[in-house]
2 protein chains.
Amino acid sequence: MATKKTSSSAGNMLIAQSGGPTAVINQSLVGAVLEAKESGAIRRIFGARHGIAGILQEDFINLRRESPATLERVAATPSAALGSVRKKPSPEDCARLFEVMQRHDVRYFFYIGGNDSAETAHIVYEEAKASGYELRCYHIPKTIDNDLRENDHTPGYGSAARFVALAFAGDNLDNRALPGVKINVVMGRNAGFLTAASALGRRFPDDGPHLIYLPERAFSMERFARDVQTTFRRLGRCVVAVSEGIADSSGTPIAAAYTKEVDAHGNVQLSGTGALGDLLVEFIKAKTDATRVRADTFGYLQRSFFGVVSETDAREAREVGVRAVRLALDDAHTEGSVAIRRKSARTYKVFFERVPLRAVAKETRHMPREFVARKGNDVTPAFVEYAAPLVGDLPPIGRLKGLAVTKG
Amino acid sequence: MATKKTSSSAGNMLIAQSGGPTAVINQSLVGAVLEAKESGAIRRIFGARHGIAGILQEDFINLRRESPATLERVAATPSAALGSVRKKPSPEDCARLFEVMQRHDVRYFFYIGGNDSAETAHIVYEEAKASGYELRCYHIPKTIDNDLRENDHTPGYGSAARFVALAFAGDNLDNRALPGVKINVVMGRNAGFLTAASALGRRFPDDGPHLIYLPERAFSMERFARDVQTTFRRLGRCVVAVSEGIADSSGTPIAAAYTKEVDAHGNVQLSGTGALGDLLVEFIKAKTDATRVRADTFGYLQRSFFGVVSETDAREAREVGVRAVRLALDDAHTEGSVAIRRKSARTYKVFFERVPLRAVAKETRHMPREFVARKGNDVTPAFVEYAAPLVGDLPPIGRLKGLAVTKG
């Protein structure tokens, strides 16, 4: 239900999306828009196209004019309906932002995104304060990387993790049918949460992924080859999950040699190329006696695939949008982000809390120690317990009993 | 219902799976096993592990001992439950096959697979006849490539095509949110049916894929760059579907420079590497003014992904297994394959027919001329009409009306 209390800062609202799209980021957009309508405290509801790039160009759409049916269809559609951007605003950009905002009497600003987007919201808030422009700034969390600080988990992660779990469940069966070494490269620049979700597809003791490499542990090519060799000799096959962000002991990404592109936030391009997978394949071919060595790079499929959504993720993504609007209308604070916390470890239940922008901006969190197996090439049961409710039930996997026929 | 007529060739049955797994190949296995049980005409039901490799090693399991519940769970599980293989039997192999078969009184042989597997079944049949071993041989169709002759379409295609359509629908939205050039490489060595399915995800006139390249047309790098440039200038973005099997005018696969592996049927390895996508990205970066150029290679995900199944495909895959057993029990013929034919173009309806093994073995079919757009970089509405019922309904795609706000 809406907080009916009228904010002292009456005015219009502007919402935008930023960073990598997810399967449920539009749920947050729609949650915020519906809550703003419901509240009665906000007059006009603007959406900026392509995040702050659209604000700078005054490229706004009227979200009050979208029908409830359209909004619900958009909520269930992956990727960012307003368009997205990767851009960090300069002080000059900010001056221009407030000029545009003032022209439309924007007093509530919502930015849906990950840590870089929270940083942008924080910069906008601080610059607004410094320049005397009255603006409430709220960040709405979103990232398949699950790497926002202060959060138990983030909207977008559950659905992407579901995709990864289903992909590995199927690929493990594929590899069982036609044995060999199969390496799958999963998104995750600094945090291994998404790659770790590959473990959720396991059902039988010999199921892959048999090895999981996360950016949280230094990656050694030699050690990797030894691990693969050991598994291949034991099972005659090996399925490997590798995070795109794996780096050597000096912190240099293994993929770094193959990429030059860097975005406005200083992130090196890791996705959209098969180079890391191919490099690992060549190494395994050279260093082990494995035959039929293949790699797939899941790439953008895992963040915008149509039809693979975790119900829990969709529900929570909607809710953080709603909560952000409620927080913005509450006079207690003028900025913040909505954090998802887990109530109890036993049965899955969450609650939502305001945290200041600086608490989630810029820096990210990593897989906690207790989620990474001691050997550094797998996850722990604690991780599976943590992630399973976020991903939802997976379909049952059938396996023949396979009673051997006595040889004649 | 089963044909109750007892075959004159009473004996045991052996079934195996071969070639690339699919999401529904186990439906065919289970369809055949249940029909064999039902028929009362077949005594023992053996499954060979990993196709003819398992027969050579006498690695059989007793499929009569699998519970109905297990069989149904297996039917709904992707990949080949018996294990698969890519192997073409030599005359010596065949001698050994009959030795093993005779030991177990195998008189019915079912081989589930594509054109290479049909060729294997044909070789086995001919060798059996030549050596006086009484054996009925039936091929059960399966291939995501949809390239078996005599068939309107093949089991496995609908589900893989559904994956491709959903992936492109989501990726098009991703590309709309963060514009650039996105190239997706889809499986399909010689036939473009699976790549063509990328068109099924389109809903709005500006939706991608904006360009579709099939192995049926000679691929020119220069022409490709011009096409991308034109689309990019028009829309500020471009989504491209490329078949892994695209080849230049001399017939040399564009990916050939990057791969050396060849299987027993003489097929060059195209999947399991991102090389083709990366090569195309570099070319587009060099030859156009497009920025943010990325490639994803769908790889094995599209054939064994868990949870993306076309209902029609699953039902028909079950049915061809049933029909193969009925045909084998009918004394009219001693060999053949089950072909799927479409009854009418208006409303989707199929029927099943026996065709001789040689009619589907070895050679494959391609996209008919009327399915490929004249310019060679798209499909026609006729293709979409053909493929849509095989893939099933796709989820609705929401798009904001996006009423522009007047600039202040």
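Model, not experiment: these values are computed from the prediction. (Residues numbered from 1 in each chain as written. Chains lettered and ligands numbered in written order. Predicted model: local features only at pLDDT ≥ 70, side-chain atom pairs only at ≥ 80, totals over all residues.)

## Topic: the overall build of chain A
- Helices and strands together make up the secondary structure of chain A, namely 13 helices and 11 strands.
- The C-alpha atoms of chain A give 23 Å as radius of gyration, which agrees with the globular expectation for 408 residues (22 Å, within 12%).
- By principal-axis analysis of the C-alpha atoms, chain A measures approximately 85 × 40 × 35 Å.
- Scored against the burial criterion, the 408 residues of chain A give a buried share of 59%.
- Taking the intrachain contacts of chain A between residues at least 6 apart in sequence as the baseline, contacts between residues at least 24 apart amount to 77%. (Helix = DSSP H or I, 4+ residues; strand = E, 2+ residues; numbered from the N terminus. Rg over C-alpha atoms; globule rule 2.2 N^0.38 Å. Buried ≥ 20, exposed ≤ 12 C-beta atoms within 10 Å, placed from the backbone. Contact = placed C-beta atoms within 7 Å.)

## Here's the deal with the packing of helix α1 (residues 25-39) of chain B against helix α3 (residues 68-75) of chain B
Residues and elements named next belong to chain B.
- Running from N to C, α1 and α3 point in directions that differ by 150°, and their axes come no closer than 8 Å. With respect to their mutual orientation, α1 and α3 come out roughly antiparallel. Facing α1, whose interface residues are Asn26, Gln27, Val30, Val33 and Leu34, α3 presents Leu71, Val74 and Ala75.
- Its residues assigned to classes, the contact of α1 with α3 shows 6 nonpolar, 2 polar and no charged. (Axes fitted to C-alpha atoms, helices over the stretch in contact; angles between N-to-C directions. Parallel < 35°, antiparallel > 145°, perpendicular 65-115°, else oblique. Nonpolar A, V, L, I, M, F, W, Y, C, P; charged D, E, K, R; others polar.)

## Description of the sheet that holds strand β2 (residues 42-48) of chain B
Residue and element names in this part refer to chain B.
- The strand order across the open sheet formed by 7 strands is β3-β2-β1-β4-β5-β10-β11, and the pairing between neighbours is mixed. Looking at strand neighbours, the two that pair on one side only are β3 (60-62) and β11 (350-355), the edges of this open sheet. Ignoring strand direction, the axes of neighbouring strands in this sheet form an average angle of 25°.
- With 3 bridges connecting them, strand β5 (residues 136-141) and strand β10 (residues 335-342) associate as parallel partners. The residue of β10 that forms the bridge with cysteine 137 is glutamate 335. (Pairing = 2+ DSSP bridges.)

## Some words on the relation of the copies chain A and chain B
- Mapping chain A onto chain B is achieved by rotating through 180° and translating by 0.0 Å along the same axis, at an RMSD of 0.0 Å. Given the turn and translation reported, the copies of this chain are related as if by a two-fold rotation axis. It is glycine 274 of chain A whose C-alpha, among those of chain A, lies nearest the rotation axis, at 2.1 Å. (Least-squares fit on C-alpha atoms with pLDDT ≥ 70 in both.)

## Focus on the sheet that holds strand β2 (residues 42-48) of chain A
Residues and elements named next belong to chain A.
- Pairing is mixed in the open sheet, where 7 strands are placed in the order β3-β2-β1-β4-β5-β10-β11. The open sheet terminates on both sides in strands that have one partner only, identified here as β3 (60-62) and β11 (350-355). Between one strand and the next, the sheet's axes are offset by a mean angle of 25°, whatever the strand orientation.
- Examined bridge by bridge, strand β4 (residues 106-113) and strand β5 (residues 136-141) share 6 bridges and lie parallel to one another. Across the sheet, phenylalanine 110 pairs through a bridge with tyrosine 138, a residue of β5.

## So, the interface of chain A and chain B
- Facing the 63 residues of chain A at the interface are 64 residues of chain B.
- For the side of chain A that touches chain B, the elements supplying multiple residues, two or more each, are β3, α3 (68-75), α6 (157-177), α9 (275-287), β9 (293-297) and α10 (301-304) of chain A.
- Among the elements that make up the side of chain A that touches chain B, the one with the highest residue count is α6 of chain A (9 residues).
- In terms of residue class, the side of chain A that touches chain B is made up of 29 nonpolar, 19 polar and 15 charged.

## Thoughts on the packing of helix α6 (residues 157-177) of chain B against helix α13 (residues 381-391) of chain B
All names here are of chain B.
- Contact geometry of α6 with α13 gives a least axis separation of 8 Å together with a crossing angle of 100°. The orientation of α6 relative to α13 falls into the category roughly perpendicular. Along the contact surface, α6 presents Tyr157, Gly158, Ala161, Arg162 and Ala165, while α13 presents Ala387, Leu390 and Val391.

## Considerations on the domain arrangement of chain A
All names here are of chain A.
- Considered domain by domain, chain A is made up of domain 1 (11-155 + 308-360) and domain 2 (159-306 + 367-390).
- If you average the C-alpha positions of domain 1 and of domain 2, the two centres end up 32 Å apart.
- Between domain 1 and domain 2, the residue contacts involve 22 residues of the former and 21 residues of the latter.
- In terms of residue class, the side of domain 1 that touches domain 2 is made up of 8 nonpolar, 7 polar and 7 charged. (Domains from an automatic or database assignment.)

## Focus: the confidence of the model for chain A
Residues and elements named next belong to chain A.
- Scored by pLDDT, chain A comes out at a mean of 94, with 94% of its residues at no less than 70.
- Every residue in residues 1-7 is under pLDDT 50, and counting partners more than four places away or in other chains gives 13 contacts.
- Reported confidence for the predicted complex is 0.94 by ipTM and 0.95 by pTM. (pLDDT = per-residue confidence, 0-100.)

## Describing unusual backbone geometry
- In this structure, proline 209 of chain A follows glycine 208 of chain A across a cis peptide bond, with omega equal to 5°.
- Note that proline 209 of chain A resides in the loop between α7 (193-196) and β7 (211-213).
- Of note in the backbone geometry, histidine 50 of chain B takes a positive phi value of approximately 55° without being a glycine.
- With respect to the helices and strands, the residue histidine 50 of chain B is situated in the loop between β2 and α2 (51-56).

## Observations concerning the environment of serine 310 of chain B
Residue and element names in this part refer to chain B.
- As for its position among the elements, serine 310 is in the loop between α10 (301-304) and α11 (311-329).
- A count of 26 C-beta atoms within 10 Å places serine 310 in the buried class.
- C-alpha separation for the pair serine 310 and leucine 390, spaced 80 residues apart in sequence, amounts to 7.1 Å.
- In contact with serine 310, not counting residues within four places along its chain, are Gly158, Ser159, Arg162, Leu390, Val391 and Gly392.

## Re the environment of proline 68 of chain B
- Along the chain, proline 68 of chain B falls in helix α3.
- By C-beta crowding, proline 68 of chain B is classed as exposed, having 10 other C-beta atoms within 10 Å.

## Regarding α6 of chain B
- Here α6 of chain B is 21 residues long and its end C-alpha atoms lie 30 Å apart, about the 30 Å a rise of 1.5 Å per residue gives.
- Counting buried positions along α6 of chain B yields 21 of 21 residues, so the element is predominantly enclosed. (Expected span 1.5 Å × (residues − 1).)

## Re the pairing of β2 of chain B
Residue and element names in this part refer to chain B.
- Taking burial as the measure, the 7 residues of β2 include 5 buried ones, the bulk of the element.
- Chirality of the crossover, the property in question, places the unit of strand β1 (residues 11-17), α1 and β2 among those that are right-handed.
- With 3 bridges connecting them, β2 and β3 associate as antiparallel partners. Across the sheet, residue phenylalanine 46 finds its bridge partner in β3, namely asparagine 62. (Right-handed = clockwise from strand over helix to strand, strands pointing away.)

## What to know about the pairing of strand β8 (residues 238-243) of chain A
Residues and elements named next belong to chain A.
- Most of β8 sits out of view: 6 of its 6 residues are buried.
- Going residue by residue along β8, you find Cys238, Val240 and Val242 tucked away on one face and Val239, Ala241 and Ser243 tucked away on the opposite face as well.
- In the sheet, strand β6 (residues 181-186) pairs with β8 via 6 bridges, with the strands oriented parallel. Along β8, the bridge assignment pairs asparagine 184 with alanine 241.
- Bridge count between β7 and β8: 3 bridges; the pairing is parallel. In the sheet register, leucine 211 faces β8, and the bridge partner there is valine 240.
- Taking the sense of rotation as the criterion, the β-α-β connection linking β7, helix α8 (residues 221-235) and β8 turns out right-handed.

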